Structures are given as structure tokens and as C-alpha cells.
Amino acid sequence: MKRYLLLTLIVFLTYSFSHAQIRSINFDVVSNEINSNNPLPAEELFFINGVIPSGIDLVRLDIDRSRKGSGSTETYQWKRAFDFPVDNYEVLVSNELRSNVNYDLTFSYYSRASDEQLEVVKTYIKQNLISYIRANMEVTASGIKTYQSDAAMMRQMDQIIVDGLEDYRHFLGRDFKGFSEIVRHKLEQKDRLKLRRARFNVLGRNKDDNEKAAYANQYITELIEVVSNETDQFLNNSLMTLVDIRTISNYPTEKKPNTLPLNFGYGAIAMRRDFTSTQYLQSPYVGLSLPLGNKVFQKFLGNASFSTGVFLQNFQISAGETVSGPVVNRPIYAGLGYQVFRVFRINAGAVLVNYQNTNTNVNENYIQPFVGASLELNLWLGLKDRRR
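Residues numbered from 1 in each chain as written. Predicted model: local features only at pLDDT ≥ 70, side-chain atom pairs only at ≥ 80, totals over all residues. Heavy atoms only, no water.

Draft legend 1. Focus on the pattern of salt bridges. Enumeration according to the criterion identifies 13 salt bridges in this entry. Between R23 and E44 there is a salt bridge, and its shortest N-O distance comes to 2.8 Å. Here R23, found in strand β1 (residues 23-28), pairs with E44, found in the loop between β2 (33-34) and β3 (46-51); they are 21 residues apart in sequence, far enough to count as distant. Notably, a salt bridge pairs R23 with E254, separated by 2.7 Å at the nearest N-O pair. (Salt bridge = Lys/Arg side-chain N within 4 Å of Asp/Glu carboxyl O. Helix = DSSP H or I, 4+ residues; strand = E, 2+ residues; numbered from the N terminus.)

Dropping the structure here:
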């Protein structure tokens, strides 16, 4: 028993230590090579490091599963801490990659935008906003007519900001959240402006007409001012400008070997049938477990399994009789299992036994519930290449 416990402890510690190490791979920006042209690590966390080019303060990494579309993109980034001089960056890929699958990697390098660059992008965005507002508003005799709803104008003005900053990132990682309720209320204000004339010409035919035109244009000018102020407020923060992009397409991950979990354990059943009292029977067993999922990506289903196997010994009841099983002359079990502490599995299910009925003197098969606990070892298999 002591040897069994010692062996179990050694296996558990070895397994835990082997999974505690986080690998680190290198990306060479000059040759555009990663991990020395070896496959990427799969089903585990790993670091990607590289040399920081001169003037770069932010490195962004996008990992996208090839042919899966942008919805599967995972983004990581490294940012220079204050003004501390460093020569290398390192990012942790915290979402494990799948085994034997190809990925696209995009490395984007940013530097701090200069005052001239900030002024250019602010001017460009504000001019687009002004043009959009004036193109979608018309002064009429009854008020101010818009060609879009207020909600649509808010969405499209938000998109103008996003499109204008396509090659920029905030150093603090903040994204534009959209124009505020102040802009929304200002847009709604136009519906309360009353210009009560059946015919109206902004050039004016009399003093009253010119006053109304000036009043309507004053409203548009105020709306532009509110939008411009919020734009300036957002763009006055520190911006990073895109300097260069390095792309690696359709790059493979390593192929993890297929494994088949092998269980060695001890189980017990409670059997009543035609005995004078309930018989509690126990025996060691060996079997296989088929996981219901990949534990790296589905923890619960990955630890759960369908388990089956045979007991190594027949059961002995108190009267000295033997309870065996069909086919292999040993009790056969099947059920569900759940892995705990990485190397142990708890099983519960049913066992098929064979016993001679004392009333009919005929051997009959019975199904009895059972529970068991086992030590689990992975059997490495060279099965056919299969992409998951």
C-alpha cells in the first residue's frame, strides 16, 4: 500500500511540474520568422518575445484562425512602461491555440504620434464631421430637415471617428465610446425650432426671412461646435501612430499526440438479489476512459468521460460463492467518470455480473450499480492525423 501511494505521489508531482513551465518563443522582425520556423505551441500558454525596433512604444499582436474570419481574432499587446529603456518585448498568449491548426499572426508596431501628426488627424476628422452634418441638414420654411434619423446620424458620426483613427491607437488603450448625450440632445433640439413660413429662401426676401435663416444656421453652427469639442477632448489624449505591420499567414501549430486514458482502480458494488442480506463486493479493475471534450477548451467536459473496463477478480460472497461476469468471465463495468487532481478519476455506473440463481439453478446476468476510484495514466497513440 505504501509503495502504491508513493508511486501515485511521484506521478502527480512529475505531471504538475511538467505543466508548470511556460514556453517562450522568438519572433524575428527582420527575417519575419517565428519560433525558428517551428510550429507554434498548442494547448498551452506561451510567451512571444522579440527585439523592439527604434522608437516603438507599442506592439500589438493579432492571432486569427486561418479561414475562420475576423470573429475568431485574439488580440494581445505590449506597451512600454513610462520611459524606461528596454530592448525586448514579451507578450503572453493566454488563450491556448488548438493542435494541428493553422493561424494568421499580425504584428503591428506603433510609436507616439507627434504634435504635427495629431493636428493633421484632428483636422481631417473634424472636416469630415462638418461636411457630414452640413450635407445631411437643410433649412426649410418649416424648420430644419435632416436626411437621416438622429440615431443614424449619431452612429455615422461615431463611425467617422473610428475610420479616421484606423491607423492610431490610444496609449492608454481607450476606444472611442461614441458621442455623448449632449450631442443627442442637440440633435433633438432642431425639432423644436419653428420657422413658420410657407415659402422660405435663405437669401431672404425681407428682414424676417433673413433672421430665420440666420437662426437656423446658428443652430447648425452650435451643433458643429459641440461635436468638434468632444472630438478634441478625445483626440487630445496620447495617440500612437502605426509605423509598420508584419504578417505571418497560415502558420501551423504543433500536433499533439493522441492519448487514451488508462485507468487502474478499485471499485465496489452492493448486491441483494436473493441473498439473505446485502452483499458488499469489491475488486480492483482496469479500463479505458473516453473524454467528452478537450479539457484545455472545455474544462468540465474535458474532465468528464465515458469509462468502461473489467474487474480483475470475480466477487466472492459470504457463502463462498462466486459472482463472475459474461463474455470474459469477469464483471464488466461502464459508466461516467470525472478526473480530479489531474491523475485520479472517480467512476460511477453499472456493472454486468453473472450469478447462479439459487431458486432456478440457472446462471443469469444482472446489472448492478457500482462506484470506484482509479489512478489514470495516458497511453500515447500514433493515430491517424486528424484536425480538430
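What follows continues from the structure just given.
Draft legend 2. Spotlight on the sheet that holds β3. Overall, mixed pairing links the 4 strands, which are arranged β2-β1-β3-β6 in an open sheet. At either end of the open sheet lies a strand with only one pairing partner, and these are β2 and β6 (88-93). Of the pairings in the sheet, the one linking β1 to β2 comprises 2 bridges and is antiparallel in character. Across the sheet, D28 pairs through a bridge with E33, a residue of β2. (Pairing = 2+ DSSP bridges.)

Draft legend 3. Up close: the environment of W380. Of note, W380 is situated in strand β19 (residues 362-381). The exposure class of W380 is exposed, given its relative accessible area of 58%. Taking the C-alpha atoms as reference points, W380 and T259, separated by 121 residues in sequence, lie 4.5 Å from one another. (Buried < 20%, exposed > 50% of the residue type's maximum accessible area, 1.4 Å probe, protein only.)

Draft legend 4. Geometry of the confidence of the model for the protein chain. Counting all residues, the mean pLDDT for the protein chain is 83, and 81% of those residues have values of 70 or more. Within the model, the stretch residues 197-205 combines pLDDT values under 50 with 21 contacts to residues more than four positions away or in other chains. (pLDDT = per-residue confidence, 0-100. Contact = heavy atoms within 4.5 Å.)

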